Amino acid sequence: VCMVDDSEHEAFLAHRCYQKAEVPNPWLTFKSGEAFLEHMELVRSGRSLVPAVVLMDINMPGLSGFDAVERLRQQHEFRTIPVVMMLTNSMSDADRQRSAEVGAQRFQPKPLEIDTYIAFFRRLKAGTY
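What you see is a predicted model; the values in this text were computed from it and never measured.

What counts and what doesn't
- Residues numbered from 1 in each chain as written.
- Predicted model: local features only at pLDDT ≥ 70, side-chain atom pairs only at ≥ 80, totals over all residues.
- Heavy atoms only, no water.
- Core = buried A, V, L, I, M, F, W, Y, C linked by side-chain atoms within 4.5 Å.
- Buried < 20%, exposed > 50% of the residue type's maximum accessible area, 1.4 Å probe, protein only.
- Helix = DSSP H or I, 4+ residues; strand = E, 2+ residues; numbered from the N terminus.
- Contact = heavy atoms within 4.5 Å.
- Arc of directions from axis to C-beta.
- Polar contact = N/O pair within 3.5 Å; in protein donor to acceptor, adjacent residues only side chain to side chain.
- Pairing = 2+ DSSP bridges.
- pLDDT = per-residue confidence, 0-100.
- Lys, Arg positive; Asp, Glu negative; His and termini not counted.
- Salt bridge = Lys/Arg side-chain N within 4 Å of Asp/Glu carboxyl O.
- Disulfide = S-S within 2.5 Å.

**Student:** Would you take a moment to explain the nonpolar core for this structure?
**Tutor:** In a soluble, globular protein the nonpolar side chains are often hidden away together inside. Membership of the largest hydrophobic core comes to 23 residues, with the highest contact counts inside it found for Val 4, Phe 36, Met 40, Met 56, Leu 72 and Met 86. Secondary structure elements with two or more residues in this core: β1 (2-4), α2 (33-44), β3 (53-56), α3 (65-74) and β4 (83-88). Leaving out residues up to four positions away in the same chain, Phe 36 has contacts with Cys 2, Val 4, Phe 30, Val 54, Met 56 and Leu 72. With 16 residues, the next largest nonpolar core counts Met 3, Ala 14, Trp 27 and Phe 121 among its residues.

Given below as structure tokens:
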């Protein structure tokens, strides 16, 4: 599971909730879309595993989440990653639509309560999201 978010606080909070949900998959955090795409080059070369889930923030300096997902989807090998999800503070219908247009399979506002965040990760773990 990869989380791409420039906020260390958001990444820390998500990771703690992920741990509390007891998801067995490894957790990777990237502070930018660029760093995530560099990691995906390791995946392409076989030096790292394809992530089961990518949680992508939209608003980041440099490469936005929209741009990162769009670039990811342009690469043949990554057109069918099982889940690419926009995990964002946005509730905007325009952001939801843009997420789908660039190839995100889901759009999820960041949960505001810890219990909701843990439940979110439990649903991912169970494959019921």
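**Student:** Would you mind going over unusual backbone geometry with me for this structure?
**Tutor:** With the exception of glycine, most residues fall at negative phi, and the peptide bonds are largely trans. For Glu 22, which is not glycine, the phi torsion reads 60° and is therefore positive. Relative to the elements of secondary structure, Glu 22 occurs in the loop between α1 (8-20) and β2 (28-30). The exposed category is assigned to Glu 22, whose relative accessible area is 59%.

**Student:** Any chance you could explain helix α4 (residues 93-102) here in plain terms?
**Tutor:** Every α-helix carries 3.6 residues per turn, so stepping three or four residues along brings you back to the same face. Looking at α4, one finds that the buried residues are Asp 95, Ser 99 and Val 102. Down the axis of α4, the buried set is contained in an arc of 75°. They therefore lie on one face. Residues Asp 93, Ala 94, Ala 100 and Glu 101 are exposed on α4 and point more than 90 degrees away from its buried face. A side-chain oxygen of the first residue of α4 lies 3.1 Å from the backbone nitrogen of Ala 94; this N-cap is Ser 92. One or two positions beyond α4, positive phi appears at Gly 103, with a value near 115°.

**Student:** Any chance you could explain the pairing of β3 here in plain terms?
**Tutor:** One face of the sheet, then the other: side chains in a regular strand alternate in exactly this way. With burial as the criterion, each face of β3 is covered, one bearing Val 53 and Leu 55 and the other bearing Val 54 and Met 56. Of the strand pairs in this sheet, β1 and β3 are connected by 3 bridges, and their pairing is parallel. Pairing of Met 3 across the sheet is with Leu 55, part of β3.

**Student:** Looking at this model, I keep getting lost on the confidence of the model for the protein chain. Mind explaining?
**Tutor:** Caution is warranted with low-pLDDT regions, since their predicted coordinates should not be read in detail. For the protein chain, per-residue confidence averages 90 on the pLDDT scale, and 97% of positions sit at 70 or higher. Highest mean pLDDT in the protein chain belongs to β2 (97); lowest belongs to β4 (75).

**Student:** So what exactly am I meant to see when it comes to the environment of Ala 35 here?
**Tutor:** Secondary-structure assignment places Ala 35 in helix α2. Sequence separation between Ala 35 and His 15 is 20 residues, and the spatial gap between their C-alpha atoms is 18 Å.

**Student:** When you look at the side chain of Arg 73 in this model, what are you seeing that I'm missing?
**Tutor:** Within the element layout of this structure, Arg 73 appears in helix α3. An unpaired buried charge is present at Arg 73: no salt bridge exists, and Glu 70, the closest side chain of opposite charge, is 11 Å distant. A distance of 3.1 Å separates a polar side-chain atom of Arg 73 from the backbone oxygen of Arg 79. In contact with Arg 73, other than residues within four places in its own chain, are Phe 78, Arg 79, Thr 80, Ile 81, Val 84, Val 102, Gly 103 and Gln 105.

**Student:** How should the state of the cysteines be read in this particular structure?
**Tutor:** What makes a disulfide is a covalent bond joining the sulfur atoms belonging to two cysteines. Per the stated rule, a full pass over the model turns up 0 disulfides. Free of any disulfide, Cys 2 has its nearest cysteine sulfur in Cys 17, 18 Å distant. Under the relative-accessibility criterion, Cys 2 is labelled buried at 1%.

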